[in-house]
Amino acid sequence: MLFIFFFFFQAEDGIRDAQESRGLGDVYKRQVSTQSTGVRSILHMSQPSFVPKLIGAAQAAVITIGPYVAEIHSLANKGWDRLAPYHPEELLTLLMGLVLCFFGGAYVTTITAAEAFRVVAWEQVKTATLDVWGQYRQAVLKAAEQEPKNETAQQAFTRKVTLAVQGCEPEVVNKALVSGQAGLMAVVAVLRIKFAQTITFGASLATQIKDLVAVGWLPKQLESALAPAYHKWIPTIIDYSCKIFGISCAWTVQRGLFAFHTSIRGGKMLARGGLSFTAKLKGFDAARYEGTPNMLYLEALLAVVGFYAQFVRGFSSTGLLGYVLFPVFLPLNICEFMIGMIIGRAA
């Protein structure tokens, strides 16, 4: 009798081990635990094996390219230091004023995006970036103090990156990233609104033009020019032609208004930048000439000449000066194309 009693409870417990039985509930718990372990093992085995390889390849690429980027950065700093006696920061202001004054209408999307980013998020991004840069500089100085002998370029870059990552605070980096993201969202919102306004204006203009040409002289001319089998396409041809013409006119009007604005602003930047650059080279006080009637006349003259030059070129970046400044206009043209494609698809 005692043997049967013992055997029953051992069978009830699944005869898994010599542990004392706790009833049927313990059997079910053990089954659930076994199933969970099996599920975890299956999920672990189903993880993509290419992830570690991808991370390793990215790390190897950064370590390989990093030293060359650091060398280019060092050469750029040395070149900037050599140009310091000639005040290159003022030359940049002159260049920006020249582009705005004489070519602003050709880069409506890029300049609008830059203005939106400046108004919405520039100060926050600037402050956060300077904080990150300060922490990075401290890490670089620390790396210079601990620089070992006979170190290769890749080893030096890896050590500096490691110290920079350890020295920068995640909260500061996250603040910079969040500020930049907010600025980009503002840029997208502004450009979508501008895009929608232009398309709406063009569609409205196309409707007005269609109402004028859909009846009367133009349909009769098309009927006489086309075979009777194609007369059914005449309303569609007129409709799409009016839409293309209306939207083209809307873009041209927008570029004209924008060119008027950029010519005025670029004229001011060009005149004041030239005054500041000349004052630093010659050693006189530029404040004595700022706001004088002669400066105002110079700014107005540059604005008029800049707008006239843009209007004659059809608000494009062509012309002799455009070919001379091709290295400057190439990245601007790429930005204009890419931003226009993104906003066009998003809208």
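Residues numbered from 1 in each chain as written. Predicted model: local features only at pLDDT ≥ 70, side-chain atom pairs only at ≥ 80, totals over all residues. Heavy atoms only, no water.

1. Some words on the packing of helix α4 (residues 88-103) against helix α10 (residues 293-312)
Then comes step 1: Where α4 contacts α10, the two axes come as close as 7 Å, and the packing angle between them is 55°. With respect to each other, α4 and α10 are oriented oblique. Contacts from L100, C101, F102 and F103 in α4 reach L302, A303, V305, G306, F307, A309 and Q310 in α10.
Then comes step 2: Partitioned by chemical class, the residues of the contact of α4 with α10 number nine nonpolar, two polar and no charged. (Axes fitted to C-alpha atoms, helices over the stretch in contact; angles between N-to-C directions. Helix = DSSP H or I, 4+ residues; strand = E, 2+ residues; numbered from the N terminus. Parallel < 35°, antiparallel > 145°, perpendicular 65-115°, else oblique. Contact = heavy atoms within 4.5 Å. Nonpolar A, V, L, I, M, F, W, Y, C, P; charged D, E, K, R; others polar.)

2. Notes on the packing of aromatic side chains
Then comes step 1: For the coordinates displayed, the defined rule picks out seven aromatic pairs.
Then comes step 2: When the ring of F260 is compared with that of F307, the centres are 5.9 Å apart and the planes differ by 85°; the resulting orientation is edge-to-face. In this pair, F260 sits in helix α9 (residues 234-282) while F307 sits in helix α10, placing the two residues 47 residues apart along the sequence.
Then comes step 3: Exposure remark for F260: the relative accessible area of 47% places this residue in the partly exposed category.
Then comes step 4: We classify F307 as partly exposed; its relative accessible area is 27%.
Then comes step 5: Three or more aromatic residues link up through ring pairs in this structure, and these residues are F260, F307, F311 and F315.
Then comes step 6: Above the face of the Y240 ring, K243 is positioned so that its terminal group lies 5.4 Å from the ring centre. (Phe/Tyr/Trp six-rings, centres within 6.5 Å; stacked < 30°, edge-to-face > 60°. Buried < 20%, exposed > 50% of the residue type's maximum accessible area, 1.4 Å probe, protein only. Lys NZ or Arg CZ within 6 Å of the ring centre and 35° of its normal.)

3. Let's talk about the nonpolar core
Then comes step 1: Residues L98, F102, F103, Y107, I111, L270 and F329 are the most contacted members of the largest nonpolar core, which totals 24 residues.
Then comes step 2: Going through the elements one at a time, α4, α5 (108-145), α9 and α10 are the ones with two or more residues in this core.
Then comes step 3: Setting aside residues no more than four positions away along its own chain, F102 makes contact with L270, V305, G306, A309, Q310 and R313.
Then comes step 4: Core analysis: the second largest hydrophobic core is formed by five residues, A206, I234, I238 and C242 among them. (Core = buried A, V, L, I, M, F, W, Y, C linked by side-chain atoms within 4.5 Å.)

4. Focus: the confidence of the model for the protein chain
Then comes step 1: This prediction gives the protein chain a mean pLDDT of 78; 83% of its residues lie at or above 70.
Then comes step 2: Of all helices and strands in the protein chain, the one with the weakest mean pLDDT is helix α1 (residues 2-12) (41), whereas α10 scores best (92).
Then comes step 3: In the predicted structure, residues 1-25 sits below a pLDDT of 50 and forms 16 contacts with residues beyond four places in sequence or in another chain.
Then comes step 4: pLDDT under 50 marks residues 27-43. Its contacts with residues more than four places away, or in other chains, come to seven contacts. (pLDDT = per-residue confidence, 0-100.)

5. Section: the environment of I334
Then comes step 1: With respect to the element layout, I334 can be found in helix α12 (residues 326-346).
Then comes step 2: Look at I334 and you get partly exposed, because its relative accessible area is 47%.
Then comes step 3: Measuring from C-alpha to C-alpha, the distance between I334 and T110 comes to 9.7 Å, with 224 residues separating the pair along the chain.

6. Brief notes about the environment of I244
Then comes step 1: Secondary-structure assignment places I244 in helix α9.
Then comes step 2: Residue I244 is classed as exposed on the basis of its relative accessible area, which comes to 57%.

7. A word on unusual backbone geometry
Then comes step 1: One non-glycine residue with positive phi stands out, namely F315, at about 55°.
Then comes step 2: By secondary structure assignment, the location of F315 is in the loop between α10 and α11 (320-324).

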